Amino acid sequence: MQPRLYAILSGLLVACALAANVAFAQAYPAKAIRMIMPFPPGGPTDIVGRLVAAKLSEQIGQSVVADNRPGASGNVGLEIASKSPPDGYTIVLSSPVIALSPLLYGKLNYDPWKDLAPIALVGAVPNVLVVHPSVPAKNVKELIDIARKQ
């Protein structure tokens, strides 16, 4: 390669590298974030959501607005979130209903696997299965067998 051509190509490469620093991304968040809570005010999702919204707002220096949208076992709020622009300014605090709804409802107006994406686990609630002492089942399998027979 000729020295002059090599110098020109090297100069162009350096100019391209320096020009890349000129393109700055928009600061995020530049406006308030809407946190949809798909259950009524006063319930566990609302309480956890408001605590998360307050802490998130404190950490990012921008308002996080709690927006309760109850109805249809959480599906109203989840649908609203799924139809919002995917710009990071609308988030939804869901519960296990997001995984159960496709199994319980014949038709949803959103696809939880395609229209929504998980970003964080903010809490876990263990569940316990209990039966009356008069029920002879000693484990879940025995309980299922009794339920099928009766």
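Residues numbered from 1 in each chain as written. Predicted model: local features only at pLDDT ≥ 70, side-chain atom pairs only at ≥ 80, totals over all residues. Heavy atoms only, no water.

## As for the confidence of the model for the chain
Taken over all residues, the pLDDT of the chain has a mean of 86, while the share at 70 or more is 83%. Mean pLDDT across the secondary structure elements of the chain bottoms out at helix H1 (residues 3-20), with 55, and peaks at strand S1 (residues 33-37), with 96. (pLDDT = per-residue confidence, 0-100. Helix = DSSP H or I, 4+ residues; strand = E, 2+ residues; numbered from the N terminus.)

## Details of unusual backbone geometry
Cis geometry is found at the peptide bond from Tyr28 to Pro29, where omega equals -5 degrees. Tracing the backbone through its elements, the reader meets Pro29 in the loop between H1 and S1. Of note, the phi angle at Ala72 is positive, near 55 degrees, even though the residue is not glycine. Position of Ala72 relative to the elements: it lies in the loop between strand S2 (64-68) and helix H3 (75-83). Notably, Ser73 is not glycine yet its phi reads approximately 55 degrees, a positive angle. Mapped onto the secondary structure, Ser73 falls in the loop between S2 and H3.

## Details of the side chain of Ser101
Here Ser101 is to be found in helix H4 (residues 97-104). Here Ser101 falls in the buried class, since its relative accessible area comes to 0%. (Buried < 20%, exposed > 50% of the residue type's maximum accessible area, 1.4 Å probe, protein only.)

## Notes on the nonpolar core
Core analysis: the biggest nonpolar cluster contains 8 residues, these being Ile33, Met35, Met37, Ala53, Val64, Tyr89, Ile91 and Leu93. Top contributing element to this core by residue count: S1, with 3 residues. Excluding anything up to four places from it in sequence, Ile91 contacts Ile33, Arg34, Met35, Ile36, Leu56 and Ile119. Core analysis: the next-biggest nonpolar cluster, separate from the first, contains 6 residues, Ile36, Ala81, Tyr110 and Leu116 among them. (Core = buried A, V, L, I, M, F, W, Y, C linked by side-chain atoms within 4.5 Å. Contact = heavy atoms within 4.5 Å.)

## Here we look at the environment of Met37
Topologically, Met37 is positioned in strand S1. A relative accessible area of 0% places Met37 in the buried class. Once the C-alpha coordinates of Met37 and Gly74 are considered, the two residues, 37 residues apart in sequence, prove to be 8.2 Å apart. In this structure Met37 touches Thr45, Asp46, Gly49, Arg50, Ala66, Asp67, Asn68, Arg69, Pro70 and Leu93, once residues within four positions along its chain are discounted.

## As for the layout of surface pockets
What the largest pocket holds in volume is close to 1400 Å³. For the lining of the largest pocket, the secondary-structure elements that each account for two or more residues are helix H2 (44-60), H3, strand S3 (90-92) and helix H5 (112-115). Looking at which element gives the most residues to the lining of the largest pocket, the answer is H2, with 7 residues. In terms of residue class, the lining of the largest pocket is made up of 24 nonpolar, 10 polar and 3 charged. (1 Å grid on protein atoms, 1.4 Å probe; cavity = no way out; pocket = protein on both sides within 12 Å on 5 of 7 lines; lining within 4 Å. Points joined across faces, edges and corners; volume = space filled by probe spheres on them. Nonpolar A, V, L, I, M, F, W, Y, C, P; charged D, E, K, R; others polar.)

## Considering the packing of aromatic side chains
Both the distance between ring centres and the angle between the ring planes are used here to describe each pair of aromatic rings. Tallied over the entire structure, the rule returns 1 aromatic pair. Judged by centre distance (5.1 Å) and plane angle (55 degrees), the ring pair of Tyr28 and Tyr89 falls under tilted. On the criterion of sequence distance, the pair formed by Tyr28 in the loop between H1 and S1 and Tyr89 in the loop between H3 and S3 is long-range, its members being 61 residues apart. For Tyr89, a relative accessible area of 11% corresponds to the buried category. Above the plane of the ring of Tyr89 lies Lys31, whose end atom (NZ or CZ) is 4.8 Å from the centre. (Phe/Tyr/Trp six-rings, centres within 6.5 Å; stacked < 30°, edge-to-face > 60°. Lys NZ or Arg CZ within 6 Å of the ring centre and 35° of its normal.)

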